[in-house]
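# Structure at a glance
Each chain, written out:
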Amino acid sequence: MLNEIERIFLISTSFKRVEVRRHSLVPLSREVIFHKNNRLYCTIWTHPQHIDRLIEEFLSQGSIASFEGLMVI
C-alpha cells in the first residue's frame, strides 16, 4: 500500500512555521511539524483534536511546554 501524504495546513511567521500533514496509512492522527528560526523544532504525531492548542502555544510562546501524551520525533 502506498503511503500518500497530504498537507492540510501551513502557517508561517518570520521566525516560526507549522505544517500539518495527513498520511493515508495513519488516518486517525496528524503529523505536526514545527520549525523555529529555519530549523526543525520537533515533529509530533497526535489526534486532530489537540492540534489547535499546540499551534496556538507554539506561535505565542515559541515552544511546547508539555509533551506528555504526545508522540514526539
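Placed above this text is the structure.
Residues numbered from 1 in each chain as written. Predicted model: local features only at pLDDT ≥ 70, side-chain atom pairs only at ≥ 80, totals over all residues. Heavy atoms only, no water.

## So, the pattern of salt bridges
- Tallying each qualifying case throughout the model produces 5 salt bridges.
- Here Arg 22 ties to Glu 6 by a salt bridge, and the two come within 3.4 Å at their closest N and O atoms. Of this pair, Arg 22 sits in strand β2 (residues 16-23) while Glu 6 sits in strand β1 (residues 5-12), and the two are 16 residues apart along the sequence.
- Residue classification places Arg 22 among the partly exposed positions, given a relative accessible area of 30%.
- A salt bridge links Arg 21 to Glu 19; the shortest N-O distance between them is 3.0 Å.
- Among the residues examined, Arg 21 registers a relative accessible area of 25% and is labelled partly exposed. (Salt bridge = Lys/Arg side-chain N within 4 Å of Asp/Glu carboxyl O. Helix = DSSP H or I, 4+ residues; strand = E, 2+ residues; numbered from the N terminus. Buried < 20%, exposed > 50% of the residue type's maximum accessible area, 1.4 Å probe, protein only.)

## Thoughts on the side chain of Ser 29
- Inspection of the secondary structure puts Ser 29 in strand β3 (residues 26-36).
- With near-sequence residues (within four places) excluded, Ser 29 lies in contact with Trp 45, Thr 46 and Pro 48. (Contact = heavy atoms within 4.5 Å.)

## Some points on the sheet that holds β1
- Reading across the sheet, the 5 strands line up as β1-β2-β3-β4-β5 and stay open at both edges, with antiparallel pairing between neighbours. Among the strands making up the open sheet, the edge pair consists of β1 and β5 (71-72).
- Bridging between β2 and β3 involves 7 bridges; their strand directions are antiparallel. Its bridge partner being in β3, Lys 16 is matched across the sheet by Lys 36.
- This element, helix α1 (residues 51-61), spans β1, β2, β3 and β4 (39-46) of the sheet and lies at about 160 degrees to β2. (Pairing = 2+ DSSP bridges. Axes fitted to C-alpha atoms, helices over the stretch in contact; angles between N-to-C directions.)

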